[in-house]
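# Chain and residue survey
The residues making up each chain are set out below.
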Amino acid sequence: QVQLVESGGGLVQPGGSLRLSCAASGSTFSRYTMGWYRQAPGKQREFVATISSSVTNYADSVKGRFTISRDNAKNTVYLQMNSLKPEDTAVYFCNQDRLWYGGTSYWGQGTQVTVSS
């Protein structure tokens, strides 16, 4: 029943910025932790950032460069990415975690981010 749709990916130059959006369907969006994960070719999917009702968490590799935020009125979570590096190149996935409430974890289809000159 829950659908997550990412947008905002694309090609940017090193040092550039990009903002990803994830629009979620379903009810009671505000109570669930939302997150961003990424997967580069040949690598495991890795944690990027999460946001609960009030607490954010970031991978060390993106601290100070990425900012996760949410707009509960729009059922949307964002990932503002600044000072992008080539190693940030990956498919970025949105996640909604309902495990705390006895549910499951939902994933979007992903959006490609490519950082290159």
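The coordinates are above.
My aim in this report is to walk through the structure given alongside it, one point at a time. (Residues numbered from 1 in each chain as written. Predicted model: local features only at pLDDT ≥ 70, side-chain atom pairs only at ≥ 80, totals over all residues. Heavy atoms only, no water.)

### Remarks on the sheet that holds strand 7 (residues 66-71)
On the basis of which strands lie adjacent, the open sheet formed by 4 strands has the order 1-3-8-7 and antiparallel pairing. Every interior strand has two partners, whereas the edge strands, strand 1 (4-7) and strand 7, have only one. Strand after strand, the sheet turns through a mean of 15 degrees between neighbouring axes, direction not considered. (Pairing = 2+ DSSP bridges. Helix = DSSP H or I, 4+ residues; strand = E, 2+ residues; numbered from the N terminus. Axes fitted to C-alpha atoms, helices over the stretch in contact; angles between N-to-C directions.)

### A few points about the pairing of strand 4 (residues 33-39)
Within a regular strand, the side chains alternate between the two sheet faces. Where burial is concerned, most of strand 4 is hidden: 5 out of the 7 residues are buried. Where strand 4 meets strand 5 (residues 46-51), 5 bridges bridge the pair, whose relative direction is antiparallel. Looking across to strand 5, one finds that W36 is bridged to A49. In sequence, strand 4 turns back onto strand 5 through a hairpin of 6 residues, with G42 there showing a positive phi of about 80 degrees. (Buried < 20%, exposed > 50% of the residue type's maximum accessible area, 1.4 Å probe, protein only.)

### Brief notes about the state of the cysteines
One pass over the structure, following the stated rule, counts 1 disulfide. The residue that forms a disulfide with C22 is C94, at a sulfur-sulfur distance of 2.0 Å. Across the S-S bond linking C22 and C94, the dihedral sits near -85 degrees, which makes this disulfide left-handed. A residue pair is termed long-range when its members are at least 10 positions apart, and C22 in strand 3 (residues 18-24) and C94 in strand 9 (residues 90-97) qualify at 72 residues. Of the two residues, C22 and C94, both sit in the buried class. (Disulfide = S-S within 2.5 Å.)

### Quick word on unusual backbone geometry
Phi at N75 is positive, roughly 50 degrees, even though this residue is not glycine. Even without being a glycine, S83 presents a positive backbone phi close to 50 degrees. Mapping S83 onto the fold places it in the loop between strand 8 (76-81) and strand 9. Exposure remark for S83: the relative accessible area of 41% places this residue in the partly exposed category.

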